Amino acid sequence: MNSETLKKKVFAIKNTTLQTALRLQMITGMRISEIGQLENKDIKLEDNTIIIDCKAKKGSFDRTIIIKEPEKWLYNSLLEIKENRPGQLFYKASTLKKYACKRGIKTNDLKKLRAKELFYKAERAGLSKHQSTKYVQGHLGHKRIKNTKIYIESKSLEIVRD
């Protein structure tokens, strides 16, 4: 699958909660398990910025993810979800995966998409391959660089570049 097809599939989802969770994964590179455990208190929306307090899962570390000037749809959708859900914001990870799979989306591909986009962005900015990989490693929250390389070097998702 290529990146444009994957994005179109995500944007076509009618279930707002599911689409929001998958778009969040697509732009942050968070694990689906991290998204599935997000609670209302973990996301702050202020001054057109999304701040996510991401709790560590396997092979990662706690981190704060800041999304400045996110797309309006995502910001407004998160605002609505937060207003209506005082606890857990999204479905649990297994349910997110199941619903995504029914629509032909592998949630791991969304993480690969973010990893590859960040890597190419870093390379275009003049960073070496190693520096670009380290840059992506920090964003994804990986403890081991070999885990980051798996996402960057994956052949199962082709990136359509500008």
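Before reading on, note that the structure itself is shown above.
Here's a quick rundown of the structure. Given the structure is predicted, the values throughout are model-derived calculations rather than measurements. (Residues numbered from 1 in each chain as written. Predicted model: local features only at pLDDT ≥ 70, side-chain atom pairs only at ≥ 80, totals over all residues. Heavy atoms only, no water.)

**Quick look at the overall build of the protein chain**
Across its full length, the protein chain holds eight helices and three strands. Over its C-alpha atoms the protein chain spans a radius of gyration of 15 Å, differing by no more than 12% from the 15 Å that the globule rule assigns to 162 residues. Dimensions of the protein chain along its principal axes, counting C-alpha atoms only, are 45 × 30 × 30 Å. Within the protein chain, buried positions represent 46% of all 162 residues. In the protein chain, the proportion of contacts linking residues at least 24 apart, taken out of those at least 6 apart, comes to 63%. Considering the protein chain, the positive charge centre built from 36 side chains and the negative charge centre built from 18 side chains are found 7 Å apart. (Helix = DSSP H or I, 4+ residues; strand = E, 2+ residues; numbered from the N terminus. Rg over C-alpha atoms; globule rule 2.2 N^0.38 Å. Buried < 20%, exposed > 50% of the residue type's maximum accessible area, 1.4 Å probe, protein only. Contact = heavy atoms within 4.5 Å. Lys, Arg positive; Asp, Glu negative; His and termini not counted. Charge placed at Lys NZ, Arg CZ, Asp CG, Glu CD.)

**Examining unusual backbone geometry**
Positive phi values are uncommon outside glycine, yet Asp47 reaches one of about 45 degrees. Relative to the helices and strands, Asp47 is located in the loop between β1 (43–46) and β2 (49–54). Even without being a glycine, Asn48 presents a positive backbone phi close to 55 degrees. Relative accessible area serves as the criterion here: at 37%, Asn48 is assigned to the partly exposed category.

**Topic: the layout of surface pockets**
As a volume, the largest pocket reaches approximately 420 Å³. Ile27, Thr28, Ile66, Ile67 and Arg114 are the residues nearest the centre of the largest pocket, which is lined by 20 residues in total. Those elements that provide at least two residues to the lining of the largest pocket are α1 (3–11), α2 (16–28), β3 (63–68), α6 (107–124) and α7 (129–140). Partitioning the lining of the largest pocket into residue classes produces eight nonpolar, four polar and eight charged. (1 Å grid on protein atoms, 1.4 Å probe; cavity = no way out; pocket = protein on both sides within 12 Å on 5 of 7 lines; lining within 4 Å. Points joined across faces, edges and corners; volume = space filled by probe spheres on them. Nonpolar A, V, L, I, M, F, W, Y, C, P; charged D, E, K, R; others polar.)

**Considerations on the side chain of Thr133**
Here Thr133 lies in helix α7. With sequence-adjacent residues up to four places away left out, Thr133 is seen in contact with Phe119, Ile145, Thr148, Lys149 and Ile152.

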